[in-house]
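This is what each chain is made of:
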Amino acid sequence: MLDRDNADIVKQLNRLLAFELTSIDQYTAHSRTYEDMGLNKLYERINHEVDDERGHADLLIRRILFLGGQPAMNQREAHSIATDVPTMLANDLQLEYNNAATLREVIQFCEKVGDFVSRDMLIGILRDTEQDHAYWLRQQLELIERLGLPNYLQAQL
């Protein structure tokens, strides 16, 4: 039986799992669109992000199971799948920002209830989210602004 403290932590971890599963879905759709467009560099990078998000989801699932909970594999955030490069990048960046905000909330919750193992795991995921994923996406949008879309797209072939 799941005790009250663990049930609250599991609920919070499942909130984060929904973001990771949404990211996997959205990044998969976008990476395949890039591949179809012949934008191989974008395809490779975003396909790699799918693997990163899958790793984050795996960590959350394992922690939820350890705490005696059940991973909510059917929950998702709203998908923002697009068909043009700037919008795909912007939608992915917004998803990362939303995920980071939720991560910060859940990290604070874990500190409040004294679950420092979950907190430390989430800090690592937050680091990936902000310093790798969001940073790279923001950088791409800035490159489009500086170079212009045609030059940016040519560089992604």
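A brief look at the structure comes next. (Residues numbered from 1 in each chain as written. Predicted model: local features only at pLDDT ≥ 70, side-chain atom pairs only at ≥ 80, totals over all residues. Heavy atoms only, no water.)

**Remarks on the overall build of the protein**
Thought 1: On a plain count of helices and strands, the protein comes out with five helices and zero strands.
Thought 2: Starting at the N terminus and ending at the C terminus, the protein contains elements arranged as α-α-α-α-α.
Thought 3: Over its C-alpha atoms, taken along the principal directions, the protein stretches across nearly 55 × 25 × 20 Å.
Thought 4: Counting over 157 residues, the protein shows a buried share of 44%.
Thought 5: When the accessible surface of the protein is summed, it comes to about 8,200 Å², and 50% of that surface belongs to carbon and sulfur atoms.
Thought 6: Distance between charge centroids for the protein: 3 Å, based on 16 positive and 26 negative side chains. (Helix = DSSP H or I, 4+ residues; strand = E, 2+ residues; numbered from the N terminus. Buried < 20%, exposed > 50% of the residue type's maximum accessible area, 1.4 Å probe, protein only. Areas by Shrake-Rupley, 256 points an atom, 1.4 Å probe, with all protein chains shown as cover. Lys, Arg positive; Asp, Glu negative; His and termini not counted. Charge placed at Lys NZ, Arg CZ, Asp CG, Glu CD.)

**Quick notes on the packing of helix 3 (residues 85-113) against helix 4 (residues 116-147)**
Thought 1: Contact pair helix 3 / helix 4: the axes reach a minimum separation of 9 Å and the direction vectors enclose 160 degrees. Comparing the axis directions of helix 3 and helix 4 gives the class roughly antiparallel. Seen from above, helix 3 lies across helix 4 with left-handed handedness.
Thought 2: Here the contact of helix 3 with helix 4 is built from residues that sort into 21 nonpolar, five polar and seven charged. (Axes fitted to C-alpha atoms, helices over the stretch in contact; angles between N-to-C directions. Parallel < 35°, antiparallel > 145°, perpendicular 65-115°, else oblique. Left-handed = near helix turned anticlockwise from the far one by under 90°. Nonpolar A, V, L, I, M, F, W, Y, C, P; charged D, E, K, R; others polar.)

**Topic: the packing of helix 2 (residues 40-66) against helix 4**
The description of two packed helices rests on the angle between their axes and on the distance between the axes.
Thought 1: Where helix 2 meets helix 4, the axes come as close as 11 Å, and the angle between the chain directions of the two elements is 170 degrees. By the angle between their axes, helix 2 is roughly antiparallel relative to helix 4. For the pair formed by helix 2 and helix 4, the contact residues are Leu-42, Arg-45, Ile-46, Glu-49, Asp-52, Glu-53, His-56, Leu-59, Leu-60 and Arg-63 on the first element and Val-117, Ser-118, Met-121, Leu-122, Ile-125, Asp-128, Thr-129, Asp-132, His-133, Trp-136 and Leu-137 on the second.
Thought 2: Partitioned by chemical class, the residues of the contact of helix 2 with helix 4 number ten nonpolar, four polar and seven charged. (Contact = heavy atoms within 4.5 Å.)

**Concerning the nonpolar core**
Thought 1: Membership of the largest hydrophobic core comes to 39 residues, with the highest contact counts inside it found for Leu-13, Tyr-34, Leu-42, Leu-60, Val-85, Leu-89 and Leu-122.
Thought 2: The set of elements that each furnish at least two residues to this core consists of helix 1 (4-37), helix 2, helix 3 and helix 4.
Thought 3: A total of ten residues in this core trace back to one element, the largest contributor, which is helix 3. (Core = buried A, V, L, I, M, F, W, Y, C linked by side-chain atoms within 4.5 Å.)

**A few points about the pattern of salt bridges**
Thought 1: By the definition in use, this model includes twelve salt bridges.
Thought 2: The partner of Glu-111 in a salt bridge is Arg-119, and the shortest N-O contact between them spans 3.8 Å.
Thought 3: Overlapping salt bridges bring together Arg-45, Glu-49 and Asp-132 as one network. (Salt bridge = Lys/Arg side-chain N within 4 Å of Asp/Glu carboxyl O.)

**Quick notes on the side chain of Asn-14**
Thought 1: When you line up the elements, Asn-14 lands in helix 1.
Thought 2: Ignoring any residue separated from it by four or fewer positions in sequence, one finds Asn-14 in contact with Ile-64, Gln-70, Pro-71, Ala-72 and Gln-75.

**Here's the deal with the environment of Gln-75**
Thought 1: Among the secondary structure elements, Gln-75 is positioned in the loop between helix 2 and helix 3.
Thought 2: Each C-alpha atom of the pair Gln-75 and Thr-33 lies 24 Å from the other, and the pair is 42 residues apart in sequence.
Thought 3: Setting aside residues up to four positions removed in sequence, Gln-75 forms contacts with Asn-14, Ala-18 and Leu-21.

**Observations regarding helix 4**
Thought 1: A rise of 1.5 Å per residue sets the reference length of helix 4, with its 32 residues, at 46 Å; its end C-alpha atoms lie 44 Å apart and thus fit the reference within 8%.
Thought 2: Of all the bends in helix 4, the greatest measures close to 30 degrees and is centred on Ala-134.
Thought 3: For helix 4, the N-terminal capping position is held by Asp-115, with its side-chain oxygen 3.4 Å away from the main-chain nitrogen of Val-117.
Thought 4: Positive phi appears at Gly-148, one or two residues downstream of helix 4, with a value of about 90 degrees. (Expected span 1.5 Å × (residues − 1). Bend = angle between axes of the 7 residues up to and from the residue. Polar contact = N/O pair within 3.5 Å; in protein donor to acceptor, adjacent residues only side chain to side chain.)

This is a description of form; function is not addressed.
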